[in-house]
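The lines below spell out each chain.
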Amino acid sequence: MSDFIEDDYRKSIVRIFTQGKETPVGAGFLVSPGYVMTCAHVVLQAMGIKKDDYSDQLELPKVEIQLDFPILACGQKITAKVADWTPYNLDTGDIALLELTEPEPQDVKIIPFSQKSSISKSALCIYGFGEENNGGQTDAYQVKTQVAAGRWMLCKKEDEEDETIQPGYSGAPVWIKEEKALLGMVAAAKVSKSRAYVIPVFRLQAVLKNLELKVLIQSHLKAEESSSSTPFKQAVEAALRICNPNGQNTSVVDQIDQLKADRAAPDGWEKEGALVRFIIALAWQQNTSETIEAQLEEWIDSQGHDYSDLYLRYARNMKKINVQQDNTCEHLFVVLEPEEKQPDHFRVSIWPIGSREHYQPSSPPDYIVFQESLSKTELPKFIRKKARQKIGVIFPMIHLFMPCSLFCEPLEMQPIRKRSSLGSEYPLVYRPLNHTVQNNKAFTDTRMSKWESLIKKGQQPSSSVFRPINVSSDDPDDWVYDLEDIEAAILQNFESVSDIFSEIHQEFSLPVALWVRDSTFQAQVKDILKECFAQFPQTVHKRREFAMESQSKDKESPAEKELGHHIALLWDDPDLLPPITQF
C-alpha cells in the first residue's frame, strides 16, 4: 500500500480546455515531471474535432493545449504540446501524452498505478469535470467486469445495470481507495449513452515506457553537453544510422517517435518492432557505457522481451554484414554523375562508409542521397548539409568521385559558411569517374600493385614518396612516360589538369597525384611534404583549414593568398570504390 493520500490524488488532476475558451472538455493527470496523460479524444474535443471524425485522426496533432491544475493553481493555465499519441480506438487506443511548456505546481505528486491483475469491488474515486465543469469528485462507482482489450467497465455502486458516466470525466485517473493507487484512466465510450470504461494500466504503462526511454536518452545526452567528449552521442548517432538511415533532420526524440510508429519493422524484427531494434543497436555500441546498457536492458525486459537473446541475434546480424560497433564513419563517398541535358548539373549520390577494412562494394551501406539533381554551385553546401544531418559531428574523409573536367575547379574551397569550406572542414580527395577503366584487368592490377607499394611507404616522409613531374611542355610525349613507374606524382608547372589527367590516369594507373592550380604557389608545396605519407590527406586538410582562417582574419589581403586555396589531391584507393552505378 502506498503512502499517498486522497488529497494527493486530487492535486494531480488537470482540467483541459477547449482552444480559445474557458470551458473544460475533460481531465488528465501528471504521470512524470513535465508530462500529463489524458485521452486522445479529449485532445480532439479541445481542438474542435467532431466526434464522428475522431477515428480518422491517426497522426500526432501539432497543436498547443491549454490546461490547469484546479486544486493547486486554478486558472493559472499552462500550455502543453502532444508528445505521444495512440489514436482513438475503443479497444486499443485513445491515449495522449502532453508535454508541459513550463513546470507543474510544486506540490503535485505522481500517483502510482495498481500492480494487481484482478480488482475486487473496491471503492473507487473519480475526480472529473462533469455537468458543472468546475470539478468534482464522485465515489459512486465500482468495477463491474473486465471487457475486450483488458478495459474495465464500471457501474454505479447502487445499480450495477447503470454503466453511464458524464463525458467530462474522460481522461480522469481512477483512484482505488483501499490500495491508494490508480486503476487506470477513464475513457467514456459514446454508444447510446456515455459508458464508463477505464483504459487498463498495462496500456498506459506502454506509453510511459516510451516516455521513460526518451527521458533516459535525453538525460544522458544532456549530461555530455558541457563535455569535450561525447561518446554516448556518438553511440546514439551510430545506432540511428543503422536503424533509421533515412530519418529526417530531426531530433533524437523525434526519430525515436518515428521508430515507434514504424509499422514496417525490419526483416527478422517484425515481432519486436523498429524501436526495440534501435535500443538493442544502441546497447551494442562500444561507446554505450555499462551503466547505460544496464538501463537499456531493463527497458527491453520491461517490454516483455529477452534482452540477451535479442542482443546475440543483433550482434550476429551485424557480423554477417560486416558492420562494426559504433559504425564509425571513416569515409564519405560522393559520386557526381553529369546530367546529359543540363551541362552544369549533376546527379549526386552519397554513401557513408564505416571502415576501409570492412567495406565491401557488393554489400554497401544504405545511401544518404541517391541521384539527386543539383547544380555545380549548390554542391558544396548540399554535401556538408547531408553529412551533418546523417553522420553528425564525425569528420570522415570525403571521396569526391567526379569527371576529370572538374579537377581544375576548387569546389572544395568554395565558401559554404563563415570561415569554412568543404575542404577546410573535411579531409577531401578527388577520385575520377572511371568504372569502365576499372573493369580493365591490366589497369586494376597495375594500380593495385602501385597502391600496395605506397602502403608500405606509409610512415615515410611524403617528400621521399612523391616524385615531381614537370608537365609544362605542350607535347605530353616530352614527359608523360616518366609516369610509367611512378606511384605518387607532383604534377608541376601547369594550371589546369582537366585536359590531360584522364589520359594520365588511364594510361599509367596513377593512384596518387598532387598539384596546385596556380603555379605561383608551386614553391610552397615542399612545406607540406614533411609529415608521413599515410597522413597526407589530413596534411592537405590542415593547410586548407589554415587558408580559410587566414582569409577571414585578414579581409584586406587578396582572398586566395594561401597555398591551401589552390592545392588539389587525387587519392585513388583501389579498395574504396563506390557501389556499382551507371556512370
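Let me sum up the structure you'll find in this document. Here the structure is a predicted model, which means the values were calculated and not measured.

What counts and how
- Every chain is numbered independently, its residues counted from 1 as its sequence is written.
- Where totals are concerned, whole chains, interfaces and linings use all residues; where local detail is concerned, this predicted model gives features only for residues with pLDDT of at least 70, and gives and counts side-chain atom pairs only at 80 or more.
- Side-chain measures here rest on the full set of heavy atoms in the structure, leaving out hydrogens and waters.
- Secondary structure elements are defined from DSSP: runs of H or I of at least 4 residues count as helices, runs of E of at least 2 residues count as strands, and each element is numbered from the N terminus.
- For every residue, the accessible area obtained with a 1.4 Å probe (protein chains only) is divided by the maximum for its type, and the residue is called buried under 20%, exposed over 50%, and partly exposed between those limits.
- Residue contacts follow a heavy-atom distance rule, with two residues in contact if any of their heavy atoms lie within 4.5 Å.
- Accessibility throughout is a Shrake-Rupley quantity obtained with a 1.4 Å probe, and a residue counts as covered only by protein chains that appear here.
- Throughout this description, the term salt bridge denotes a Lys or Arg side-chain nitrogen within 4 Å of a carboxyl oxygen of Asp or Glu.
- Paired strands, as defined in this entry, are two strands with at least two bridges between them according to DSSP.
- We call a set of buried residues a nonpolar core when its members are Ala, Val, Leu, Ile, Met, Phe, Trp, Tyr or Cys and they connect through side-chain atoms within 4.5 Å of each other.
- The patch calculation keeps residues exceeding 30% relative accessible area without a salt bridge and links them within 9 Å when they carry like charges or within 5 Å when they are nonpolar (Val, Leu, Ile, Met, Phe, Trp, Tyr).
- Just so you know, the count uses Lys and Arg for positive and Asp and Glu for negative, and it drops His and the chain ends.
- Where a charge sits is defined by one atom per residue type, namely NZ (Lys), CZ (Arg), CG (Asp) or CD (Glu).
- Inter-axis angles, ranging from 0 to 180 degrees, are taken between N-to-C directions of lines fitted to C-alpha atoms, where helices are fitted over the stretch in contact.

Moving on to the overall build of the protein. Scanning the protein from terminus to terminus reveals 16 helices and 26 strands. In the protein, buried positions account for 53% of the 583 residues. Taking as baseline every contact in the protein between residues at least 6 positions apart, the subset at least 24 positions apart corresponds to 65%. Total accessible area on the protein stands at roughly 27200 Å², and carbon and sulfur atoms take up 45% of it.

Once that is clear, we can look at the pattern of salt bridges. Inspection of every chain in the model, using the stated rule, returns 23 salt bridges. Of the charged contacts, one joins Arg195 and Glu163 as a salt bridge, the two residues approaching to 2.6 Å between their closest N and O atoms. Of this pair, Arg195 sits in strand S14 (residues 194-195) while Glu163 sits in the loop between strand S10 (152-156) and strand S11 (173-176), placing them 32 residues apart in sequence. Overlapping salt bridges, with partners in common, bring together Glu6, Asp7, Arg10 and Lys11 in one network.

Where strand S1 (residues 13-17) and strand S4 (residues 64-69) come together, two bridges link them in antiparallel fashion. Residue pairing in the sheet places Arg15 in a bridge with Asp68 of S4.

Turning to the nonpolar core, a few remarks are in order. In terms of nonpolar packing, the biggest core is built from 67 residues, with Met37 and Leu183 touching the most fellow members. Apart from the residues within four sequence positions on either side, Leu183 is in contact with Ile119, Leu124, Val143, Trp152, Leu154, Val174, Ile176, Val198, Ile199 and Val201. Formed by 43 residues, the second largest nonpolar core is a distinct cluster that contains Ala387, Met402, Leu411 and Trp515.

If you check the backbone angles, Asp94 has positive phi at about 75° while not being a glycine. Looking at the secondary structure, you find Asp94 in the loop between strand S5 (74-86) and strand S6 (95-100). Phi at Lys180 is positive, roughly 55°, even though this residue is not glycine. By the secondary structure assignment, Lys180 is in the loop between S11 and strand S12 (181-186).

A few words now on a negative patch on the surface. A cluster of acidic residues, Glu298, Asp301, Asp306 and Asp309, forms a negative patch on the protein surface. Note that Asp301 resides in helix H8 (residues 290-302).

This part takes up the sheet that holds strand S2 (residues 24-32). Pairing is antiparallel around the closed barrel formed by six strands, whose spatial order is S1-S2-S3-S6-S5-S4. The mean inter-strand angle of the sheet, taken between neighbouring strand axes irrespective of direction, is 45°. Judged from the five bridges that link them, S1 and S2 form a sheet pairing that is antiparallel. Opposite Arg15, over in S2, you have Ala27 as the bridge partner. Most of the contacts of helix H4 (residues 201-224) go to S6, to which it runs at about 35°, and overall it touches S2, strand S3 (35-38), S5 and S6.

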